Amino acid sequence: MTEAILLVGGKGTRLRPLTVHTPKPMVPAAGVPFLTHQLARARAAGVEHIVLATSYLAEVFEPYFGDGSALGLHLEYVTEEEPLGTGGAIRNVASRLRSGPDDPVLIFNGDILTGLDIRALVDTHETTGADVSLHLTKVTDPRAYGLVPTDDTGRVLAFLEKPQTPEEIVTDQINAGAYVFRRSVIDTIPLGRPVSVERETFPGLLSAGAHLQGMVDSTYWLDLGTPAAFVRGSADLVLGRAPSPAVPGRCGDRLVLPTATVAADAKLSGGTVVGEGAFVAEGARVFGSTIMPGAVIEPGAVITDSLIGARARVGERSVLTGTVIGDGAVIGSDNELLEGTRIWCDAQIPAGAVRFSSDQ
């Protein structure tokens, strides 16, 4: 298995304002675009050729990654004129593959952070003779996901949409977003129209008698679709909880990029990242957060589990918890922004304008 398709066309609407100017896979996690971690892990598993299925802000990928040679890969880019869904995107790039009809092709989504043993998934695919093999993971509460029950041998029995009642929860196994396809199966997906691999391709293959194999791998797995999850994923990469060969430094409590400046008495912990050219002033405390390139954290600010966008500024003594600040936004001094707050790009919040508690 030396080829892969990486689906990176989504708009990342749940991550806005992070994705206003940047496609989701290019938002920095642990100091580099999240996509870098996925490419590096694929390369470590033996993948050599990756086709990126792009759509939203497609023009930013190739200038950054080029032909992939810096990562030891050969990268190609295919842009959808109209969004085609997961299955349609896979079919749309099939002509760029070089694999033979029975060869395995790895396919993975651009918003999943996982410690999946890619080689084990490929081995499962080849030893079982499957047409498609799926990475499955177990979750405590599967109601927000599609369920994938399997028999004792791991063969997939059904694809069940998000369960609505306790009786519908027949398994805790969910589709974890990474697959190995037999190359010839990709060519059976309809060309030129939107297709959902989860709702159309997989159920269709199953009803036609195809062999779909599930492999449960319960190592680290996180869907980075929300700001809170993205911030947590970045911190986990820095802390070493999520494996990646692309973290630009040693794993630990903090990651400060080379041109960033952090005052001697500022406290950084919990997997905090301080990006290139960013500045964290004296007395500031930052826990489990991402400070994007060029951002400024003024004296005495307290930031927890938050993401501060590129060139944004957080004023003195402001307290931010579970907050996302868009690129270029300015938060005046003595503000208090709590869980779920999103400040849009270039917005300006005056000093002391927002509080969730007394100003005393």
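Here the structure is a predicted model, which means the values were calculated and not measured. (Residues numbered from 1 in each chain as written. Predicted model: local features only at pLDDT ≥ 70, side-chain atom pairs only at ≥ 80, totals over all residues. Heavy atoms only, no water.)

Q: Got a minute to help me understand the side chain of Ser318 in this structure?
A: In this structure, Ser318 sits in the loop between strand S22 (313-314) and strand S23 (319-321). Excluding anything up to four places from it in sequence, Ser318 contacts Ala301, Val302, Ile331, Gly332, Ser333, Asp334 and Asn335. (Helix = DSSP H or I, 4+ residues; strand = E, 2+ residues; numbered from the N terminus. Contact = heavy atoms within 4.5 Å.)

Q: Whenever I open this one, helix H6 (residues 197-207) confuses me. Can you help?
A: Side chains that are three or four residues apart share a direction in an α-helix, a result of its 3.6 residues per turn. Looking only at H6, the buried set comprises Val197, Thr201, Phe202 and Leu205. Around the axis of H6, the buried residues are gathered within 85 degrees of arc, so they sit on the same side. Of the exposed residues in H6, those oriented more than 90 degrees away from the buried face are Arg199 and Ser207. Residues of H6 that are buried make contact with helix H3 (85-92), strand S8 (132-138), strand S9 (173-182), helix H5 (183-186) and strand S10 (212-216). Two residues or fewer after H6 comes Gly209, characterised by a positive phi angle close to 90 degrees. (Buried < 20%, exposed > 50% of the residue type's maximum accessible area, 1.4 Å probe, protein only. Arc of directions from axis to C-beta.)

Q: Before we go on, may I ask you to explain the pairing of S10 in this structure?
A: Where a strand is regular, its side chains alternate between the two sheet faces. Judged by how many residues are buried, S10 sits mostly within the fold: four of five residues are covered. One ladder, built from five bridges, connects S8 with S10; its direction is parallel. Among the inter-strand pairings, Leu136 is bridged to a residue of S10, identified as Val216. (Pairing = 2+ DSSP bridges.)

Q: I would appreciate a short explanation of the nonpolar core in the present structure.
A: Across soluble globular proteins, nonpolar side chains have a tendency to be buried as a group. Ranked by internal contacts, the top residues of the largest apolar core, which has 29 residues, are Phe181 and Phe202. Looking at this core, the elements that each hand over two or more residues are strand S1 (3-7), strand S4 (49-54), H3, strand S6 (104-109), S8, S9, H5 and H6. With residues near it in sequence (within four places) discarded, Phe202 still touches Val132, Leu134, Phe159, Asn175, Tyr179, Phe181, Val197 and Leu212. In this structure, Leu52, Phe108, Leu116 and Val180 belong to the second largest nonpolar core, which totals 25 residues. (Core = buried A, V, L, I, M, F, W, Y, C linked by side-chain atoms within 4.5 Å.)

Q: Would you mind going over the sheet that holds strand S13 (residues 261-262) with me for this structure?
A: The strands that make up a sheet are held in pairs by hydrogen bonds between backbone atoms, and each pair lies either parallel or antiparallel. Pairing within the open sheet is parallel, and its six strands lie in the order S13-S16-S19-S22-S25-S28. Two strands in the sheet have a free side with no partner beyond their single neighbour: S13 and strand S28 (348-349). Across two bridges, the pairing between S22 and strand S25 (residues 330-331) is parallel. By the bridge assignment for S25, Arg313 is matched with Val330.

Q: Quick question: what am I supposed to make of a negative patch on the surface here?
A: On the surface, a cluster of negative charge is made up of Asp103, Asp117, Asp123 and Glu126. Tracing the chain through its elements places Asp123 in helix H4 (residues 118-128). On the basis of relative accessible area, Asp123 is assigned to the partly exposed category, the value being 42%. (Patch = residues over 30% accessible without salt bridge, like charges linked within 9 Å, V, L, I, M, F, W, Y side chains within 5 Å. Areas by Shrake-Rupley, 256 points an atom, 1.4 Å probe, with all protein chains shown as cover. Salt bridge = Lys/Arg side-chain N within 4 Å of Asp/Glu carboxyl O. Lys, Arg positive; Asp, Glu negative; His and termini not counted. Charge placed at Lys NZ, Arg CZ, Asp CG, Glu CD.)

Q: Would you mind going over the UniProt feature "domain: Mannose-1-phosphate guanyltransferase C-terminal" (unreviewed entry) in the chain with me for this structure?
A: As recorded in UniProt, the sites labelled "domain: Mannose-1-phosphate guanyltransferase C-terminal" (unreviewed entry) are residues 252-333. Strand forms 41% of residues 252-333 and helix 0%; the C-alpha atoms that close the span are 30 Å apart. (UniProt positions renumbered as here; feature names shortened; annotations may be inferred.)

Q: Where do I start with the side chain of Lys24 in this structure?
A: Among the structural elements, Lys24 can be located in the loop between S1 and strand S2 (28-29). Relative accessible area serves as the criterion here: at 12%, Lys24 is assigned to the buried category. Beyond its immediate stretch of four places on either side in the chain, Lys24 contacts Gly12, Leu15, Thr19, Asp111, Leu224 and Phe230.

Q: How should I be thinking about the packing of aromatic side chains in this particular structure?
A: Between two aromatic rings, the relevant description is the distance of the centres plus the angle of the planes. Counted according to the given criterion, the structure contains seven aromatic pairs. With a centroid separation of 6.4 Å and 65 degrees between ring planes, the pair formed by Phe34 and Phe230 is classed as edge-to-face. Pair noted here: Phe34 is in helix H1 (residues 34-44) and Phe230 is in helix H7 (residues 227-239), with a separation of 196 residues, a long-range link. You'll find Phe34 and Phe230 in the same group, each marked buried. With centroids separated by 5.9 Å and ring planes inclined at 35 degrees, the aromatic side chains of Phe181 and Phe202 adopt a geometry described as tilted. Here Phe181, found in strand S9, pairs with Phe202, found in helix H6; they are 21 residues apart in sequence, far enough to count as distant. Here Phe181 falls in the buried class, since its relative accessible area comes to 0%. Ring pairs connect the aromatic residues Phe159, Tyr179, Phe181 and Phe202, which therefore count as one cluster. (Phe/Tyr/Trp six-rings, centres within 6.5 Å; stacked < 30°, edge-to-face > 60°.)

Q: Any chance you could explain the UniProt feature "domain: Nucleotidyl transferase" (unreviewed entry) in the chain here in plain terms?
A: Under the UniProt annotation, the feature "domain: Nucleotidyl transferase" (unreviewed entry) is placed at residues 4-236. Taken end to end, residues 4-236 comprises 26% helix and 23% strand; its first and last C-alpha atoms sit 25 Å apart.

Q: Quick question: what am I supposed to make of the pattern of salt bridges here?
A: When charged atoms on two side chains of opposite charge get close, those side chains can pair. This model, assessed by the stated rule, comprises 13 salt bridges. Among the ionic pairs, Asp111 bridges to Lys24, the shortest N-O distance being 3.0 Å. Separated by 87 residues along the polypeptide, Asp111 in the loop between S6 and strand S7 (112-114) and Lys24 in the loop between S1 and S2 bring together distant segments of the chain. Note on Asp111: relative accessible area 17%, which makes it buried. Among the ionic pairs, Arg317 bridges to Glu316, the shortest N-O distance being 3.4 Å.

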